[in-house]
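# Observations on the model geometry
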Amino acid sequence: MRSVCANWLIETPALKDVAALVSKCGNAIASSAAGLVVTCCHHSLLPLLSQHLKQLSRGEQDYLAVVHLFLSAFLKQPETAQACIIQGVVTHFLARCVQRLGDERST
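Residues numbered from 1 in each chain as written. Predicted model: local features only at pLDDT ≥ 70, side-chain atom pairs only at ≥ 80, totals over all residues. Heavy atoms only, no water.

Counting its regular elements, the chain contains seven helices and zero strands. Counted from the first residue to the last, the chain has its helices and strands arranged as α-α-α-α-α-α-α. Against the globule reference of 13 Å for 107 residues, the chain gives a C-alpha radius of gyration of 13 Å, in line with a compact fold. Across its three principal directions, the C-alpha atoms of the chain cover 45 × 30 × 25 Å. The burial tally for the chain puts 34% of its 107 residues in the buried class. Summarising the internal contacts of the chain: among those between residues at least 6 apart in sequence, 65% fall at separations of at least 24. Counting only carbon and sulfur atoms, one obtains 59% of the accessible surface of the chain, whose full area is about 6600 Å². Placing the 9 positive and 7 negative side-chain charges of the chain at their respective mean positions leaves the two points 3 Å apart. (Helix = DSSP H or I, 4+ residues; strand = E, 2+ residues; numbered from the N terminus. Rg over C-alpha atoms; globule rule 2.2 N^0.38 Å. Buried < 20%, exposed > 50% of the residue type's maximum accessible area, 1.4 Å probe, protein only. Contact = heavy atoms within 4.5 Å. Areas by Shrake-Rupley, 256 points an atom, 1.4 Å probe, with all protein chains shown as cover. Lys, Arg positive; Asp, Glu negative; His and termini not counted. Charge placed at Lys NZ, Arg CZ, Asp CG, Glu CD.)

Okay, helix α6 (residues 78-86) next. What α6 keeps buried is the set Thr80, Ala81 and Cys84. Buried residues of α6, seen end-on, are gathered within an arc of 105° and therefore sit on one face of the element. Seen from the open side of α6, the exposed residues pointing more than 90 degrees away from its buried face are Pro78, Glu79, Ile85 and Ile86. (Arc of directions from axis to C-beta.)

This next bit is on helix α5 (residues 60-75). With 16 residues, α5 ought to run about 22 Å at 1.5 Å a step, and its terminal C-alpha atoms sit 22 Å apart, in line with that. Turning to α5, its buried residues are Tyr63, Leu64, Val66, Val67, Leu69, Phe70, Leu71, Ala73 and Phe74. (Expected span 1.5 Å × (residues − 1).)

This part covers the state of the cysteines. Joining two cysteines, a disulfide is a covalent bond between their sulfur atoms. Evaluation of the coordinates by the stated rule reveals one disulfide. The disulfide bridge from Cys5 ends at Cys40, spanning 1.9 Å between sulfur atoms. Taken together, the positions of Cys5 in helix α1 (residues 4-11) and Cys40 in helix α3 (residues 27-41) put the pair 35 residues apart, joining distant regions of the chain. Exposure remark for Cys5: the relative accessible area of 27% places this residue in the partly exposed category. The cysteine Cys41 is free of any disulfide, with Cys40 supplying the nearest cysteine sulfur at 5.6 Å. Relative accessible area serves as the criterion here: at 1%, Cys41 is assigned to the buried category. A disulfide-free cysteine, Cys97 has its sulfur positioned 14 Å from the sulfur of Cys84, the nearest such atom. (Disulfide = S-S within 2.5 Å.)

Looking at the element boundaries, Thr80 is found in helix α6. When its relative accessible area of 12% is taken as the criterion, Thr80 is described as buried. With sequence-adjacent residues up to four places away left out, Thr80 is seen in contact with Val38 and Phe74.

Taken by themselves, the reported measurements are silent on function.
What follows is the structure, encoded as structure tokens:
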């Protein structure tokens, strides 16, 4: 069962607002936003980033840019970095980026 905080982040405009803020302000706000995301969804980072955030994004490039900012902030904290590795977040997004690079080369 998801926590009340996770439900709030996913089922309200909160995640969209946080992603827009990160997209606009970049690294200046990414660590604080990442802290909020981890506090709410530390056991489900992969679905949050790969499904929920993807659904809110305007396009693939914007999506991957925001994910990059979140991941950069996540990986600076040892416990969160470990959670990202265990949950397959790092592997998932490295594979996705490699796939996108391959797509660009084939066009």
